[in-house]
Every structure is written in C-alpha cells, then in structure tokens.
Amino acid sequence: MASKGDAPVEKSDEEKFTFFWQSQSPFSQWHPSEFKIDGITFCCCEQYMMYQKAILFGDDEAAQKILDTSEPREQKAIGRTVRNFDDKVWKENCRDIVKRGNKAKFTQNEDLKEKLMSTIGTTLVEASPRDRIWGIGLGASNPKALNRKTWRGTNWLGQAITEVREEILASSDPPLDV
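The notes below deal with the structure included here. (Residues numbered from 1 in each chain as written. Predicted model: local features only at pLDDT ≥ 70, side-chain atom pairs only at ≥ 80, totals over all residues. Heavy atoms only, no water.)

Let us look at the packing of helix H4 (residues 87-108) against helix H5 (residues 110-117). It is the contact of H4 with H5, at a shortest axis distance of 5 Å, that shows an interaxial angle of 105°. In this view, H4 runs roughly perpendicular relative to H5, as classed from their interaxial angle. Mapping the contact onto sequence places Lys105, Phe106 and Gln108 in H4 and Glu110, Leu112, Lys113 and Leu116 in H5. A per-class count over the contact of H4 with H5 returns 3 nonpolar, 1 polar and 3 charged. (Axes fitted to C-alpha atoms, helices over the stretch in contact; angles between N-to-C directions. Helix = DSSP H or I, 4+ residues; strand = E, 2+ residues; numbered from the N terminus. Parallel < 35°, antiparallel > 145°, perpendicular 65-115°, else oblique. Contact = heavy atoms within 4.5 Å. Nonpolar A, V, L, I, M, F, W, Y, C, P; charged D, E, K, R; others polar.)

Quick look at the pattern of salt bridges now. Scanning the model with the defined rule gives 11 salt bridges in all. Two residues, Lys65 and Glu61, come together in a salt bridge whose shortest N-O distance is 3.4 Å. Of this pair, Lys65 and Glu61 are both found in helix H2 (residues 60-67), 4 residues apart, which corresponds to roughly one turn of the helix. Under the relative-accessibility criterion, Glu61 is labelled partly exposed at 45%. Look at the salt bridges and you will find they share partners, linking Asp59, Glu61, Lys65 and Arg83 into a network. (Salt bridge = Lys/Arg side-chain N within 4 Å of Asp/Glu carboxyl O. Buried < 20%, exposed > 50% of the residue type's maximum accessible area, 1.4 Å probe, protein only.)

Here helix H3 (residues 72-79) has its buried residues at Pro72, Gln75, Ile78 and Gly79. Mapping the buried residues of H3 onto a view down its axis gives an arc of 120°, with all of them on the same face. Buried residues along H3 sit against helix H1 (45-56) and H2. (Arc of directions from axis to C-beta.)

Attention now goes to the packing of aromatic side chains. Counted under the stated rule, the structure contains 10 aromatic pairs. Counting every residue linked through ring pairs, the aromatic cluster contains Phe35, Phe42, Tyr48 and Tyr51. The lysine or arginine in question, Lys53, covers the ring of Trp90, its NZ or CZ lying 5.5 Å from the ring centre. (Phe/Tyr/Trp six-rings, centres within 6.5 Å; stacked < 30°, edge-to-face > 60°. Lys NZ or Arg CZ within 6 Å of the ring centre and 35° of its normal.)

A few words on the side chain of Lys105. Structurally, Lys105 is set in helix H4. Here Lys105 occupies a buried position and makes no salt bridge, while the nearest side chain of opposite charge, Glu46, is found at 9.5 Å. Among the polar contacts listed, one links the side chain of Lys105 to the backbone oxygen of Pro26, at a separation of 2.7 Å. (Lys, Arg positive; Asp, Glu negative; His and termini not counted. Polar contact = N/O pair within 3.5 Å; in protein donor to acceptor, adjacent residues only side chain to side chain.)

With that settled, the discussion passes to the packing of H1 against H2. When two helices pack together, their arrangement is given by the angle between the helix axes and by the axis-to-axis distance. Across the interface, H1 lies against H2 with an axial gap of 7 Å and an inter-helix angle of 165°. Put simply, H1 runs roughly antiparallel to H2. Regarding H1 and H2, the two cross each other, and that crossing is left-handed. Mapping the contact onto sequence places Gln47, Met50, Tyr51, Ala54 and Ile55 in H1 and Asp60, Ala62, Ala63, Ile66 and Leu67 in H2. The class makeup of the residues in the contact of H1 with H2 is 8 nonpolar, 1 polar and 1 charged. (Left-handed = near helix turned anticlockwise from the far one by under 90°.)

Below is the structure:
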C-alpha cells in the first residue's frame, strides 16, 4: 500500500494511523518544502524549527547560520548549540513553533497539501524508533505501534500535523468532498 515517501495506513481497533518517518516522507520535518513565514523563505520545517529556537533564545548568530544552510542535519546540529537554551521555555513553545511551520508548509505547497488530505480519517504518527518526543519511539513494523497505549513516545510531530490537517479542513471553502 505504501509508495516511496508515503507510509502505510494501519488499523488499531477503531483508530487508524498513517505512519511516516525519514525525509522522503512529505510529513517529515526534513522533507524539502519551500515556504515563507514573516517574509523569510525556509527550505524545510526543520530549518524553521531550529531558526525559531535560536530566535526564542536570542541567539541571532545561530539563527543566521541556520538560514545559511539548506541541510537539515546541519540545521539540527546548529540548533543544538543555541546559546541561553532553557529546556522548560523550549517545551512551552516548541509544539506551537512546529505546528506553525507545518501549517505554512502544507498550505503553501499544493502537492504536499494533497498528500496531507489523503490521510483524512487517520492520525499521523512519526514512527521513529529513536525519537520518543516527536515520534513514538517505535518503527511502523513493530506491533506495539498499532496501539497508542504501547507507544514509547509522545508523537508530538504527528499530533501537530494531524491538527494542521484538521484546521485546513475546517477552513476549506467550499468544504472538501470527503
């Protein structure tokens, strides 16, 4: 059922999931996707997230370095060096930052919006076996991934993108035929 960049939709009791992971998926923070926010063009959501992290903590030097690279791996590495970082402040803000970046990504790129709309009726799930904050700490092939009660992570990224999809659907005029 899955094609390159797309993830299988699996059923768990009554809840359906769309699993994704890695940059080839349009739902990944690292997936190439140009969008603009506040007059600044970003190459992917990871760049936006790390840029906003640097801005949040007043590290203009790191913010500029993040904008100067188009490589998500480098953006993340620079983001890890942001001066004056405060984990509590970051946790209070990071989900809104990620959601705002993804909303821009999916509303400014029609092809990506179509892929997002193809997930209607499912919860998006970052099936990253290594990420317990933004993902579920499990791969999509792990049977525990089929039940949110057995997830090892919070799925913040999947939640944010699912919320973005629902907001886009709610604002569609005329309503999408689903």
